[in-house]
Amino acid sequence: MKKRCYKEIETLEGLAQAVKEANSGVLEHLAFQSIDLSAYKDADLRYKDCLFLGCLIPNEIQMRMEEDCVVFPTIRMPFDVFPNALYKAETLYKGYDPNNEESFNSCYDTTVYQHYIAEGKHADDIKETLARSLHDHFISDAMYDLLEKYSERDVCGIMGGHSLKRNDEGYRKIVLICKELTEKGKLMISGGGPGAMEATHLGAWMAGRSLEEVDDAIKILCDASLSFNGGAWLSSAFKVMKKYPRNEKYRSLGIPTFFYGHEPATPFASDIAKYFDNSIREDGILAIAKGGIVYTPGSAGTIQEIFQDAAQNHYCTFGYSSPMVFLGVDFFTKDVPVYPFMQGLVENGRYKNMILSITDDPAVVVDKIMNW
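Okay, so let's go over this structure.

Parameters and conventions
- Residues numbered from 1 in each chain as written.
- Predicted model: local features only at pLDDT ≥ 70, side-chain atom pairs only at ≥ 80, totals over all residues.
- Heavy atoms only, no water.
- Pairing = 2+ DSSP bridges.
- Helix = DSSP H or I, 4+ residues; strand = E, 2+ residues; numbered from the N terminus.
- Contact = heavy atoms within 4.5 Å.
- Axes fitted to C-alpha atoms, helices over the stretch in contact; angles between N-to-C directions.
- Buried < 20%, exposed > 50% of the residue type's maximum accessible area, 1.4 Å probe, protein only.
- Expected span 1.5 Å × (residues − 1).
- Arc of directions from axis to C-beta.
- Salt bridge = Lys/Arg side-chain N within 4 Å of Asp/Glu carboxyl O.

Let us now look at the sheet that holds strand S8 (residues 187–190). Ordered by their spatial adjacency, seven strands build an open sheet running S10-S9-S8-S7-S11-S12-S13, and the pairing between neighbours is parallel. Two strands close off the open sheet at either side, each with one partner strand: strand S10 (271–272) and strand S13 (355–359). Across three bridges, the pairing between S8 and strand S9 (residues 252–254) is parallel. Within S9, the position partnered with Ser190 by the bridge is Gly254. The strands that helix H13 (residues 338–347) touches are strand S12 (323–327) and S13; relative to S13, the one it contacts most, it runs at about 150 degrees.

If you want it as structure tokens, here you go:
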């Protein structure tokens, strides 16, 4: 018998609908998340087997809770301990004014990062570690709500270096790849930072637009800042977003971390799952990209992800293996020769179930992902 899951109530609209559907005035087996229940303090309602997660609960409602209800009270922190949705650019960068680059130093994202560093990346205080763990749990919950809207084989990742400059040929290639894959129904994901990651989400953001508009957007970015050092990197992204609003039917998922909080998260990601725990974040990206991963030139982090992904594919950890597409023939065969190394492991039987390909052509990358 399938176990009945708690229905999550994350908005006032969802709360109103739950009240409307209540059987004999009993709200049962619901999980209320970061909801202000004050509007219903005088309503003739009872609560049975419900979870209250970081909610504002008037005394009148507490008196009508049965003993099997569970309450997780609000924990005061500079960050929302019980987020009921993924971050957006406007929430992560709340308080940031693109016309005043200094305002980045006091926006929500920076404030949380400063608190994170002050408490320690590996904090000793139990309240701090509990709050971070709860935050990350609910970010995962919101992320999987998004992923449920897509077939698991339509979720594809881009891995590559954070230092890739905006005027690099590889940057534009990633933009074009992600633009086309997004238009073909894929949800593109990345680590959500600068470089190759920014290119991923710029491509998804520009889905449905012309190549001329794409090139103009890249020019705006390049004219401001080629790398993420400096406030112009972020303000130019907001400038592009204002000039070319995103088509709402196209989305992308950035998964950055406060662990690398000195790298700003790209605002081009329509949905941002920002974690405190980097290990959960890194493994999560590889785990959800069941539609394949495109590897672009990078350093130690990218190389680590290649072999971590290869292990998942070798063991068919999630039921099947997925394509590993390498963009950059010279880089992955000469500069960092992981591709021939992996081919050798396949040939001698050390690796199994690998779906490997390598190219310099964005069209081939799209073909390999779409025709798998």
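This part is about helix H10 (residues 278–288). Extensive coverage of H10 is indicated by the burial of eight of its eleven residues. Among the residues of H10, those classed as buried are Asn278, Arg281, Glu282, Gly284, Ile285, Leu286, Ala287 and Ile288.

Across its 14 residues, helix H8 (residues 211–224) extends 20 Å between first and last C-alpha, which sits within 8% of the 20 Å expected from 1.5 Å per residue. Among all positions in H8, only Val214, Ala217, Ile218, Ile220 and Leu221 are buried. Buried residues in H8, looked at end-on, bunch into an arc of 155 degrees, giving them a common side. The exposed residues of H8 that point more than 90 degrees off its buried face are Glu212 and Asp223. Next to the buried residues of H8 lie helix H6 (169–183), helix H7 (196–205) and helix H9 (232–243).

Before going further, it helps to examine the environment of Phe276. Here Phe276 is to be found in the loop between S10 and H10. With a relative accessible area of 4%, Phe276 lands in the buried category. Considered as a pair, Phe276 and Trp205 are 71 residues apart in the sequence and their alpha carbons are 25 Å apart.

For the rest of this paragraph, the subject is the pattern of salt bridges. Per the stated rule, a full pass over the model turns up 19 salt bridges. For Lys48, the salt bridge is made with Glu66, and the minimal N-O distance between the two is 3.7 Å. With a gap of 18 residues between them, Lys48 in strand S4 (residues 46–48) and Glu66 in the loop between helix H2 (59–62) and strand S6 (70–72) connect regions that are remote in the sequence. In this structure Lys48 comes out as partly exposed when scored by relative accessible area, which is 28%. When its relative accessible area of 30% is taken as the criterion, Glu66 is described as partly exposed. Between Arg166 and Glu198 there is a salt bridge, with the nearest N and O atoms lying 2.7 Å from each other. Here Glu198 lies in helix H7 and Arg166 lies in the loop between strand S7 (155–159) and H6, a separation of 32 residues in the sequence. The exposure classification of Arg166 matches that of Glu198, with both residues buried. What you see here is one network of salt bridges that share partners, running through Arg46, Lys48, Glu66 and Asp68.

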